[in-house]
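Chains, contacts and geometry: an overview
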Amino acid sequence: MKNVLHVEVLLQPEKAIEISELEKAIRLELKNIEPIIPESIHTTFVTDGLSDYVKSIQICEIENLHDSENIEQVVIEAGVESLDLDSYLIKIYFYKLDDSGLVDDATSDDATCKMRRCILPNVDFCGIWESLVFQEPVKEILLNYAQTGMNFARHNVNTNIISYNRLILLHGPPGTGKTSICKALAQKLSIRLGQQYNFFEFIEINSHNLLSKYFSESGSLVMSMFQQIKSVLEYGDSLVFILIDEVESLTRARDAVLSGTEPSDSIRVVNAVLTQLDNLRKYPNVIFLTTSNVTEAIDTAFTDRADIKMLINPPQEMAIYTILKAAIEELIKVKLIINVEEHDQFDRLPDVNAEQKEILNTTQKLYQISKESVGLSGRVLKKITFIAHSIYVRQPQCDGVHLFLEALHKAVKYQKTQDAGITKTK
């Protein structure tokens, strides 16, 4: 059986065309694209008139190859520069982006916003999936889980026999990308399942606002909010993603309440959340996405309801290399790093077994910096190139990749010193 190569096609917003005809044109266009490499985006086309209807063609992952290292072996070890399309079953997905963005829920009874909503796929979530890099196959596992959950729901699998709640819990230190992967997963599923639902909606619950202003009424506020969500789920031809960030705010362990270490109103909140989650199980068109920085504070009745509990760790050296490489290539693309020579290009991944030379090339230098960056959060790593440019380049443009790598090395050392200083003052 052939492996599956997934291809996503972003359509022009104002144009309409028969999808079956467009798919034929896309398959022809793919034969003209060189090279065909996973995780690449193409915006210029050979086929006449295709750009009138298509903004971009994205070559995505190869199904059944669960990490970038394996994909690299397919591309490089076979001695080719491009995938052989005849070796793959190609699945093509067409979509348009909604440009409204996340907006405060207009049905709230007071000025305190308890949730925000948007239609998917959404321009605000565009590119998040591709920007997230993990050492483990986090994205693949979550995508396969969610697709399986929705497949079970569409086939009306009896949940009394096979339990599945379509509830994901991501936990780990702050800044590791938990919230971002939830948003990215919702966006990805809205593209991949576009033929199975008429529309997709994303709802982000503000757990802090449910508790901060009317703490004594928090239980009833939770009930009211879930009642609004229930009305959305009544539209059976929609798929709704519900994000509860820092879910420990709503699901604090009840034994801590009974022991007197938490306010008594917390137990009403936890009971309300658990009851409403159970009530919404009967709707086959909902996925709950939750995150937590402190899972030990969460009630076990909630964690038991999660189908998948995944620890999101800070990125390690290979993931860091990919993050920093993408950031530097972006600076080169927009000409904030200039005078870049052909030999300055970075390898897709560093060869960790290569013999160390006295003079390192750009790939080896960046890999060394990546190893020294272990311990920095994903959130910090996304801004470290900005810090390098602002503190150590201090010019509108950086003259060369090697000069920027020197600035980046200094920025990593600076950031680690700053983080250590904060830790000491705690």
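This report concerns the structure included in the present document. Residue numbers restart at each chain and count upward from 1, following the sequence in its written direction. Totals for whole chains, interfaces and linings use all residues, but because this is a predicted model, local features are given only for residues with pLDDT of at least 70 and pairs of side-chain atoms are given and counted only at 80 or more. Note that water and hydrogens are dropped before the side-chain values are worked out from all heavy atoms of the structure.

Let us look at the sheet that holds strand S11 (residues 308-311). Taken together, 7 strands build an open sheet; the order of strands is S5-S6-S8-S9-S10-S7-S11 and the sheet is mixed. Unpaired on one side and paired on the other, strand S5 (103-104) and S11 mark the two borders of the sheet. Any two strands are treated as partners once DSSP identifies two or more bridges connecting them. A run of DSSP states H or I qualifies as a helix once it reaches four residues; a run of E qualifies as a strand once it reaches two. Both are numbered from the N-terminal end.

In this section: unusual backbone geometry. Backbone torsion omega between Glu 34 and Pro 35 reads -5 degrees, so that peptide bond is classified as cis. Relative to the helices and strands, Pro 35 resides in the loop between helix H1 (19-30) and strand S2 (40-42). A cis amide bond links Leu 120 with the next residue in sequence, Pro 121, at an omega value of -10 degrees. Relative to the assigned elements, Pro 121 resides in the loop between strand S6 (115-120) and helix H3 (128-131). The phi torsion at Arg 394 lies on the positive side, around 55 degrees, for a residue other than glycine. By the secondary structure assignment, Arg 394 is in the loop between helix H13 (378-393) and strand S13 (398-399).

Here the focus is the packing of aromatic side chains. Stacked, tilted and edge-to-face are the three classes assigned to paired rings of Phe, Tyr and Trp, where Trp is represented by its six-membered ring and a pair needs centres within 6.5 Å; plane angles under 30 degrees give stacked, over 60 edge-to-face, the rest tilted. Within the structure shown, the criterion is met by 3 aromatic pairs. Centre to centre, the rings of Phe 152 and Tyr 164 are 5.6 Å apart; their planes meet at 80 degrees, and the pair counts as edge-to-face. Residue Phe 152 is found in helix H4 (residues 138-154), and its partner Tyr 164 is found in the loop between H4 and strand S7 (167-171); the two are separated by 12 residues along the sequence. Of the residues examined, Phe 152 reaches a relative accessible area of 30% and is grouped as partly exposed. Buried means the residue's accessible area, taken with a 1.4 Å probe over protein chains only, is under 20% of the maximum for its type, while exposed means over 50%, and partly exposed covers the values in between. You can call Tyr 164 buried: its relative accessible area is 9%.

Before going further, it helps to examine helix H12 (residues 362-372). Of all the residues in H12, the buried ones are Thr 362, Thr 363, Gln 364, Leu 366, Tyr 367, Ile 369 and Ser 370. Under this definition, polar contacts are N or O atom pairs within 3.5 Å; protein pairs additionally need one hydrogen-donor-capable and one acceptor-capable atom, and for neighbouring residues in sequence, both atoms have to be side-chain atoms. N-cap assignment for H12: the residue whose side-chain oxygen lies 3.1 Å from the backbone N of Thr 363 is Asn 361.

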